[in-house]
Amino acid sequence: MSERAVLHVKGRILVGPDEVRDELWVVDGRISYDRPVDARDVTTVEGWALPGLVDAHCHVGLDAHGAVPQDVAEKQALTDREAGTLLIRDAGSPSDTRWVDDREDLPKIIRAGRHIARTRRYIRNYAWEIEPEDLVAYVAQEARRGDGWVKLVGDWIDRDLGDLSACWPREAARAGIAEAHRLGARVTAHCFAEDSLRDLVEAGIDCVEHATGLTDELIPLFASRGVAIVPTLVNIATFPGLADGGESRFPRWSAHMRRLHERRYDTVRNAYDAGIPVYVGTDAGGSLPHGLVAAEVAELVTAGLPPVDALAATTWSARTWLGRPGLTEGAPADLVVYDTDPRADVRALAAPRRIVLNGRVTA
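For clarity, every value in this text was computed on a predicted model and none was experimentally measured. (Residues numbered from 1 in each chain as written. Predicted model: local features only at pLDDT ≥ 70, side-chain atom pairs only at ≥ 80, totals over all residues. Heavy atoms only, no water.)

Some remarks on unusual backbone geometry
With the exception of glycine, the majority of residues adopt a negative phi angle, and the majority of peptide bonds are in the trans configuration. So the rule is basically this: Each helix is a run of DSSP H or I of at least 4 residues and each strand a run of E of at least 2, with the numbering of both proceeding from the N terminus.
Notably, Ala-211 is not glycine yet its phi reads approximately 55°, a positive angle. Along the chain, Ala-211 turns up in the loop between strand S16 (207–210) and helix H5 (219–225). A positive phi angle is found at Asn-358, which is not glycine, with a value near 55°.

Considering a positive patch on the surface
Our working rule: To count toward a patch, a residue needs a relative accessible area over 30% and no salt bridge; like charges are then connected within 9 Å, while nonpolar side chains (Val, Leu, Ile, Met, Phe, Trp, Tyr) are connected within 5 Å. We get accessible surface area from the Shrake-Rupley algorithm with a probe of 1.4 Å; when it comes to residues, only the shown protein chains can shield them. Here a salt bridge means any side-chain nitrogen of Lys or Arg lying within 4 Å of a carboxyl oxygen belonging to Asp or Glu. Positive charges come from Lys and Arg, negative ones from Asp and Glu, while His and the chain ends are left out of the count. Charge placement uses NZ in Lys and CZ in Arg. For Asp and Glu, CG and CD serve respectively.
On the surface, Arg-120, Arg-124, Arg-159 and Arg-249 cluster together to form a positively charged patch. Tracing the chain through its elements places Arg-249 in the loop between helix H7 (239–246) and helix H8 (251–262).

Topic: the sheet that holds strand S5 (residues 53–58)
Where we set the bar: Criterion used throughout: strands pair if DSSP finds at least two bridges between them. Fitted lines through C-alpha atoms give the axes, limited to the stretch in contact for helices. The angle between two N-to-C directions lies from 0 to 180 degrees.
Read from one edge of the open sheet, three strands run S5-S8-S9, paired in parallel fashion. A strand with exactly one partner marks an edge of an open sheet, and here the two such strands are S5 and strand S9 (108–111). For this sheet, the mean angle separating the axes of adjacent strands, direction not counted, is 20°. For strand S8 (residues 85–90) and S9, the ladder comprises four bridges, and the chain directions are parallel. From the neighbouring strand, Ile-88 faces S9, where its bridge partner is Ile-109.

Some details on helix H9 (residues 264–273)
The line we're drawing: Burial classes follow relative accessibility: with a 1.4 Å probe on protein chains only, a residue under 20% of its type's maximum area counts as buried, one over 50% as exposed, and anything between as partly exposed. The arc under discussion is defined with respect to the helix axis, by the directions toward the C-beta atoms. We call two residues contacting when some pair of their heavy atoms lies within 4.5 Å.
Among the residues of H9, those classed as buried are Arg-264, Thr-267, Val-268 and Ala-271. All buried residues of H9 fall inside an arc of 90° around its axis, so they share one side. In this fold, the buried residues of H9 make contact with H5, strand S17 (228–230), helix H6 (233–236), H8 and helix H10 (293–303). Residue Gly-275 follows H9 closely and has a positive phi angle near 95°.

A short note on the pairing of strand S13 (residues 155–158)
Note that S13 and strand S14 (residues 163–166) share four bridges and pair antiparallel. Opposite Asp-158, over in S14, you have Asp-163 as the bridge partner. Between the antiparallel neighbours S13 and S14 lie four residues, among them Gly-162 with a positive phi of about 80°.

Observations regarding the packing of aromatic side chains
As a reminder of what qualifies: Classification of ring pairs uses Phe, Tyr and Trp, with its six-membered ring standing for Trp, and accepts pairs whose centres are within 6.5 Å; under 30 degrees between planes counts as stacked, over 60 as edge-to-face, and the remaining range as tilted. Only Lys NZ and Arg CZ are tested; either one counts as a charge over a ring when it is within 6 Å of the ring centre and within 35 degrees of the ring normal.
Counted under the stated rule, the structure contains seven aromatic pairs. When the ring of Phe-192 is compared with that of Phe-239, the centres are 4.8 Å apart and the planes differ by 70°; the resulting orientation is edge-to-face. Placement of Phe-192 in the loop between strand S15 (186–191) and helix H4 (197–202) and of Phe-239 in helix H7 is noted, with a sequence separation of 47 residues between them. The class of Phe-192 is buried, set by a relative accessible area of 8%. Across from the ring centre of Tyr-33, 4.1 Å away, lies the NZ or CZ of Arg-21, which sits over that ring. In this structure, Arg-89 packs its charged tip against the face of Trp-149, placed 4.6 Å from the ring centre.

What follows is the structure, encoded as structure tokens:
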């Protein structure tokens, strides 16, 4: 039997929030908890190891104006990687990023296809802009193009109304979501305000992005249906600036955005307390830079999540939700090593010591 180069990670391997091992081995890019008998050129990394972090709301290949060239998308993905994000749920993009799948040095991406929005009711150059009678057809198209997810724009500013309002009639939403489920895809929706949420949840939606409009009245409905939220608090921090910019044209909308911002932490904490699944997402790739995953985890702690649960929202729980393995026997060796225990202080996430992707130390 020929000898093989292996990576040895030792210290504290955080297989789960309460399951800790002393070491693991990486052989042919995969995790093993048995020391290989044919090891050579052993490279050792020491510290606190976590599964590669998850950004469950990220946009590789997108900036504030729309799709970006491949070299820019590559830099975005590398920035996320260097922050420890090794698994991305790309929550809508007009870019074709399938080329990333051929790169073992870039994070793995789970795609939701391109956003589906109402005509003139979203950011220019981002979405398919359609009317309700076409929703089922476009959902089917994006379900086939994506990796098990479809992204709707659930609400946006209605310029005639001067405020946020729901984009889809209830029956159109129900039909679109049913079509996605028929094709084996889950559905998520961008929702800032309150009035789209009940219809979407009762229509069978699986997840809501931002969810700033989640009220005490709606929380039991989300909890009973198991609908997850991805709060993107680092993005919600931009609401006051957006409100200031829109004050002269849309004062009603501006006041609404400020209210949603002011109660953002209470909204997330109340959702968590009710048992609603909460996951980490940064909304990077629009107006926000990439690499903000540590900042979003810290925001969840500020909102009132226990540190270990905020950590789980970007590691163990997030990977289970997305159907991807963590630090389990035989899994791809995607992990991040830190100098200190991130369960004790999530600020440790901001300073990865080593990043291992597909079994290779990248940083």
